[in-house]
Amino acid sequence: MACIYKRFVQLNRVWSPMDILAVSKVLSGGNSDYVAILSSGFAILPDVTTMTEGTTSGSLLTVVFHIIDASITPEYIPFQSLHAMYHIVTDTISSIKEALVSDT
């Protein structure tokens, strides 16, 4: 499920990965309480501090992920989880950057 919201000065992209088996159970009349919807997304905004006469020389990127990992506790985050989160964030930011640079 994805939604793109555009305004004159910003772009928001929000998505929520969903488990197809859980969704099919709900569509068959099952309990929707067991479907996890963890929205994630990003927003691109102009850098207001660099605006001069209505033009910008940069933009700000905000990326948000909701991640569930049963092995994480407040005191301990396993290395594998940190490694996976690092790659998810860096790959997403690289993809956004590549998409923006290729349009110019």
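Reference entry: report on the structure contained in this document.

The rules we used
Residues numbered from 1 in each chain as written. Predicted model: local features only at pLDDT ≥ 70, side-chain atom pairs only at ≥ 80, totals over all residues. Heavy atoms only, no water. Helix = DSSP H or I, 4+ residues; strand = E, 2+ residues; numbered from the N terminus. Areas by Shrake-Rupley, 256 points an atom, 1.4 Å probe, with all protein chains shown as cover. Buried < 20%, exposed > 50% of the residue type's maximum accessible area, 1.4 Å probe, protein only. Pairing = 2+ DSSP bridges.

It is worth spelling out the overall build of the chain at this point. What the chain contains, in helices and strands, is two helices and four strands. Beginning at the N terminus, the succession of helices and strands in the chain can be written as β-β-α-β-β-α. When the accessible surface of the chain is summed, it comes to about 8,300 Å², and 63% of that surface belongs to carbon and sulfur atoms.

Examined against the element boundaries, Asp19 turns out to sit in the loop between β2 (10-15) and α1 (20-27). For Asp19 and Ile37, which are 18 residues apart along the polypeptide, the C-alpha to C-alpha distance reads 9.0 Å.

Time to look at the pairing of strand β3 (residues 40-46). Most of β3 is tucked away, with six of its seven residues classed as buried. Pairing of β3 with strand β4 (residues 59-64) involves six bridges; the strand directions are antiparallel. Bridged to Pro46 within β4 is Ser59.

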